[in-house]
Amino acid sequence: MRRVLAVALTVASIAACNHTVVTGAPPWALVKTPQGAGKIDLLFAIDDSPSMADKQALLADAIPTFLGRLVNPRCLDNTTSTAVPGDGQGCATIPNSRPEFPPVTDIHIAIVSSSLGGGGSPDVCLTDAENAKGHLLNRTLSGGSIANANPLTGSGGDFLAWRPGFANVTVYAPNASAQFITDFQALVVGVGQTGCGLEAQLESWYRFLIQPDPWNAITRTNDTPPRNQLDGVDATVLKMRKDFLRPDSLVAIIQLTDEEDSWSDPLWLGGYGWTNRAVYFPGGPAKEAGPRGTSECDAPVDVNNIATSGPNNPDCTSCAFPNSAKPVSRALIGSDPNCNACAGGQSTCPMKGWYTPWSDAPPIAAADGLNVRYAQQLMRSRYGFDSQFAVQRYIDALRFPTVPDRDHEGDHVGPTNYATSVQRNCTNPLFALELPDGSDTSQGSLCNLRLGTRTPERVYYALIGGVTRSLVDDVYGTTKLELSPDDWTRIVGKDPDHYLYDGIDPHMLQSTAPRSGLQVPSATYSLGTDPDSGREWNTLTSSAGIDLEYACTFDLPQPVDCTASPIGCDCATTAADGPPLCDANVRTTQIKGKAYPTIRELRVAKGLGKQSFVASMCNTSYSATLDGLVNRMQESLMPSCLPTKLPHLPDGSLGCVLVAVYANQTDQAAGCTDPGMSQPPLGITDIYADPITKKPLAVACATTQAASCDSTTPGWCVKPGVECPLDLSYTPSWTPPPDAQLVLWCSVTD
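Note that this is a predicted model, so its numbers are computed, not measured.

1. Some points on the overall build of the protein chain
In terms of helices and strands, the protein chain carries 15 helices and 26 strands. By residue count, 55% of the 750 residues in the protein chain fall in the buried class. Expressed as a percentage of contacts within the protein chain between residues at least 6 apart in sequence, the contacts between residues at least 24 apart total 68%. If you sum the accessible surface of the protein chain, you get close to 29300 Å²; carbon and sulfur atoms cover 53% of it.

What follows is the structure, given as structure tokens:
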């Protein structure tokens, strides 16, 4: 029977089908937007730290194939479904064929970098080049900009817009796809590799797309020691977001990075998020040396007592707080054995309870440095704390209709507390109907947004990152479209939330020392024979300090002379056990690139399931990789199938309404007079009205439902489909209005 919900307008998620639900009187569920994704908003999140130039060049080379397939899809044989290149005319010139999906005729494409500055650090990433603030990038390798990288309206700017057939709206003429592609290639390589080495890969796109009130600056108070505080609201981010992000588009984030996400919560532990990002850790012995974790942190995880063993033990804490008590046992932290001994079994050290500043001399277990501070698998066990945001925060951001503003992010104690302390008090901008432009930064203006028509099924996250090729590629070397649970265990371990890594491939372990089971450094220099990482190496030989072992390596298209191009070059050392990236004869020439295990980014992809796509950075066929992303998005690019079981009302009629939404009209009473149109039923107009004043913010019209698709009545109908059990169609006398967004709402029934 019909379920009656007497509640105010709210948004939720149906667990079974993950459709957005608007509950009113009666409740309605958003089933589909029948047109398919004619619009795509593509956000490339590109790491701009040292060592990224070679990967950016590979990505730029793949852009023509990627964008070319979107605007000119392949043609599929109607009988065999085999694919041939598109003809640019919707397959009209290829007999017995159909396009794999309708051409995408409206694309916004933009870039954010991984640089958000030092996160309040007094001595790391302080330059403008190291803090892009999550703003869209418009720069080329020569230092210039792309004139065409402008918004459609306003002054948000710095993205490209492709709308063939709408030359009066955008700078690109209908036949200018080549220039559109060339311009974006220039923006990709223009990202460069002079950004912050403590990268904010996940936070940069979260800040741009999701954060309701992005901070304008991170400053420090006059306390002793000082605390971070978040000042102001960045109106530029808001304006750029509004211009770039449409409420009815497919959204895809394409992340390119060769390192672990290294952003920490600025407000961690009452505002001390800057401490573990500083060159000189407060109270520490010297440059880049951090504190040890207490002895509880060293214990292995007990599979029968996961929640309270090893690093999960609440008493696993940091020797940086010697005068405090452990949370459970209440023993004095300063009395812990680890806090009264040198790291790595050394008998002497600059300060007991702390690691040794990096040098060639200490054993690896004693050494520390910023390069290894943000390894997700190691951070809590090494230091007794984890100052990063929970991985779940980024997963939820791409699935949930509500998110917290920065005053409701939780208790800022650490990732394990996030789920129980966060308060999602704002509409997620990613799912909002209309976005603020930054002119009003009051809490209500930024949080109280109406829900739009985008559902989580139209949001994708693609990662080209540090993962061993054999774990994500099939036997033919092609990236798998979908990873199995066993695949994920080999990539991130059995239970990474609780530091249980049973079943993980050794290449995916974050380690400062050679990993068990892999080829160890040789007495004489060699590239090694390990097909994935070359071989293990002595990470203390790094000119930048202690480092991590690699997830994978790959051949560079061209050798790099590190004496001439030192930025991002890995072959400055001549040590025999140095990184397996250098020419065996000319050791200062780099011939291979590398990627570290990008565990946090991979865990985000795992959490998003079918809305994600993962490829190895070391599979240098990025064209094939992005082709896989298009394959993953195909379901959303096609006009989607109707559910096989649709609700019916007591009179036997279909309990659904196809609504035409006119975003640029607000006079609901005067609208809906065209043939096939009428005023919608109770509850529908509320969806497109201000929740407080009830004034229409868009005109919503119900289209007539015809009894059959042969009817002379102008309207919509349901019929058996070619590739779907049921297709939404239209009667011969009715054509969908070109200036309206169609949305099918169905009543929620038991």
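Still more to cover.
2. Comments concerning the environment of Ala 217
The residue Ala 217 is located in strand 10 (residues 215–220) in this model. A relative accessible area of 26% places Ala 217 in the partly exposed class. Put simply, Ala 217 and Lys 133 are 84 residues apart on the chain and 8.8 Å apart in space, counted from C-alpha to C-alpha. Setting aside residues up to four positions removed in sequence, Ala 217 forms contacts with Gln 229, Leu 230 and Asp 231.

3. Comments concerning the confidence of the model for the protein chain
The pLDDT averaged across the protein chain works out to 87; a share of 90% of its residues lies at or above 70. Long-range and interchain partners of residues 1–26, a stretch whose pLDDT sits below 50, account for 56 contacts in this model, where long-range means more than four residues apart.

4. Considerations on the environment of Leu 198
For Leu 198, the location among the structural elements is in the loop between helix 2 (177–190) and helix 3 (201–209). Here Leu 198 falls in the buried class, since its relative accessible area comes to 7%. Along the chain, Leu 198 and Ser 114 lie 84 residues apart, while their C-alpha atoms are 8.6 Å from each other.

5. A word on the sheet that holds strand 5 (residues 75–77)
The three strands are arranged 6-5-7 in an open sheet whose pairing can be described as antiparallel. Only two strands of the sheet have a single partner each, and these edge strands are strand 6 (83–84) and strand 7 (97–99). Here two bridges tie strand 5 to strand 6, and the two strands are oriented antiparallel to one another. Bridge assignment links Cys 75 to a residue of strand 6, and that residue is Val 84.

6. Let's talk about the side chain of Ser 511
Within the secondary structure layout, Ser 511 lies in the loop between helix 12 (485–492) and strand 18 (552–561). At 2.6 Å, the side chain of Ser 511 and the backbone oxygen of Ala 513 are in polar contact. Residues in contact with Ser 511, not counting those within four places in the same chain, are Leu 378, Asp 547, Leu 548 and Glu 549.

7. Considerations on the nonpolar core
Counting 61 residues, the largest nonpolar core has Trp 205, Tyr 461 and Ile 491 as its most contacted members. Core analysis: the next-biggest nonpolar cluster, separate from the first, contains 53 residues, Phe 66, Ile 107, Ala 132 and Phe 554 among them.

8. Considering a nonpolar patch on the surface
On the surface, a cluster of nonpolar side chains totalling about 220 Å² of accessible area is made up of Leu 269, Phe 321 and Val 413. Look at Phe 321 and you get partly exposed, because its relative accessible area is 32%.

9. Here we look at helix 1 (residues 53–71)
Taking 1.5 Å as the rise per residue, helix 1 with 19 residues should run 27 Å; its terminal C-alpha atoms sit 28 Å apart, in good agreement. At Ala 62, helix 1 shows its maximal kink, close to 40°; a proline, Pro 64, follows between one and four residues later. Taken as a whole, helix 1 has its buried residues at Lys 55, Gln 56, Leu 58, Leu 59, Ala 60, Ala 62, Ile 63, Phe 66, Leu 67, Arg 69 and Leu 70.

10. A word on the state of the cysteines
Considering all chains together, one arrives at eleven disulfides under this definition. The residue that forms a disulfide with Cys 342 is Cys 349, at a sulfur-sulfur distance of 2.1 Å. Disulfide Cys 342-Cys 349: the torsion about the S-S bond is -80°, which places it as left-handed.

11. Focus on the packing of helix 12 against helix 13 (residues 599–608)
It is the contact of helix 12 with helix 13, at a shortest axis distance of 11 Å, that shows an interaxial angle of 165°. Between helix 12 and helix 13, the crossing angle belongs to the class labelled roughly antiparallel. As helix 12 runs across helix 13, the sense of the crossing is left-handed. When helix 12 is examined against helix 13, the residues Trp 488, Ile 491 and Val 492 are found in contact with a partner set consisting of Ile 599, Leu 602, Arg 603, Ala 605 and Lys 606.

12. Considerations on unusual backbone geometry
Pro 225 follows Thr 224 through a cis peptide bond whose omega is -5°. Within the element layout of this structure, Pro 225 appears in the loop between strand 10 and strand 11 (228–233).

13. A few points about the pattern of salt bridges
Close approach of charged atoms allows side chains with opposite charge to pair. In the structure shown here, the tally under the stated rule is 29 salt bridges. Between Lys 55 and Asp 258 there is a salt bridge, with its nearest N and O atoms 2.9 Å apart. A residue pair is termed long-range when its members are at least 10 positions apart, and Lys 55 in helix 1 and Asp 258 in the loop between strand 12 (250–256) and helix 5 (268–271) qualify at 203 residues. Exposure remark for Lys 55: the relative accessible area of 1% places this residue in the buried category. Residues Asp 555 and Lys 592 are paired through a salt bridge, measuring 2.6 Å at the closest nitrogen-oxygen approach. Of this pair, Asp 555 sits in strand 18 while Lys 592 is found in strand 19 (residues 589–595), placing the two residues 37 residues apart along the sequence. Among the residues examined, Asp 555 registers a relative accessible area of 54% and is labelled exposed.

14. Notes on the packing of aromatic side chains
Think of a pair of aromatic rings as described by two things: how far the centres are apart, and how the planes are tilted against each other in angle. Summed over the entire model, instances satisfying the criterion amount to 17 aromatic pairs. Measuring from centroid to centroid gives 5.4 Å for Tyr 730 and Trp 734, while their planes differ by 55°, and the two rings are tilted. In this structure Trp 734 comes out as buried when scored by relative accessible area, which is 7%. Linked through ring pairs, Trp 268, Phe 281, Trp 354, Tyr 355, Tyr 383 and Phe 385 together constitute an aromatic cluster. Of note, Arg 393 hangs over the ring of Tyr 206, and the distance from its end group to the ring centre comes to 3.9 Å. In this arrangement the basic side chain of Arg 393 is found over the ring face of Phe 389, its NZ or CZ atom lying 3.6 Å from the centre.

Parameters and conventions
Think of each chain on its own: its residues are numbered from 1, step by step along the sequence as written. Since the coordinates come from a predicted model, pLDDT governs what is reported: local features require at least 70, and pairs of side-chain atoms require 80 or more to be given and counted, while whole-chain, interface and lining totals use all residues. Heavy atoms from the whole structure form the basis of all side-chain values; hydrogens and water molecules are not counted. Runs of H or I in DSSP of at least four residues are treated as helices and runs of E of at least two as strands, each being numbered from the N terminus. We call a residue buried when its accessible area falls under 20% of the maximum for its residue type, exposed when it is over 50%, and partly exposed in between, using a 1.4 Å probe and counting protein chains only. Contacts are assigned to residue pairs with any non-hydrogen atoms lying within 4.5 Å of each other. To be clear on the numbers: accessible area is Shrake-Rupley with a 1.4 Å probe, and residue cover counts the displayed protein chains and nothing else. Residue-level confidence of the predictor is what pLDDT reports, using numbers from 0 through 100. Paired strands are those between which DSSP finds at least two bridges. Under the rule applied, a polar contact is a pair of N or O atoms within 3.5 Å (in protein, one hydrogen donor and one hydrogen acceptor; residues adjacent in sequence only if both atoms are side-chain atoms). Throughout, nonpolar core names a set of buried Ala, Val, Leu, Ile, Met, Phe, Trp, Tyr and Cys residues whose side chains join them through atoms within 4.5 Å. Distance thresholds for patches are 9 Å for like charges and 5 Å for nonpolar side chains (Val, Leu, Ile, Met, Phe, Trp, Tyr), applied to residues having over 30% relative accessible area and no salt bridge. Here, a salt bridge means any Lys or Arg side-chain nitrogen found within 4 Å of an Asp or Glu carboxyl oxygen. By this rule, a helix spans an expected 1.5 Å times one less than how many residues it contains. For a residue, the bend is simply the angle between two axes, fitted respectively to the seven-residue segment ending there and the seven-residue segment starting there. Disulfides are defined as pairs of cysteine sulfur atoms found within 2.5 Å of each other. To obtain each axis, a line is fitted to C-alpha atoms, and for helices this fit is confined to the stretch in contact; angles are then taken between N-to-C directions over 0 to 180 degrees. Reported orientations rely on four angle classes, namely roughly parallel under 35 degrees, roughly antiparallel over 145, roughly perpendicular from 65 to 115, and oblique for the rest. It is the rotation of the near helix from the far one that decides the hand of a crossing: anticlockwise by less than a right angle makes it left-handed, clockwise makes it right-handed. Paired rings are identified among Phe, Tyr and Trp, the last through its six-membered ring, by centres lying within 6.5 Å, and are further divided according to the angle between planes into stacked (under 30 degrees), edge-to-face (over 60) and tilted (the rest). Look at NZ for Lys and CZ for Arg. If either is within 6 Å of the ring centre and within 35 degrees of the ring normal, a charge sits over the ring.

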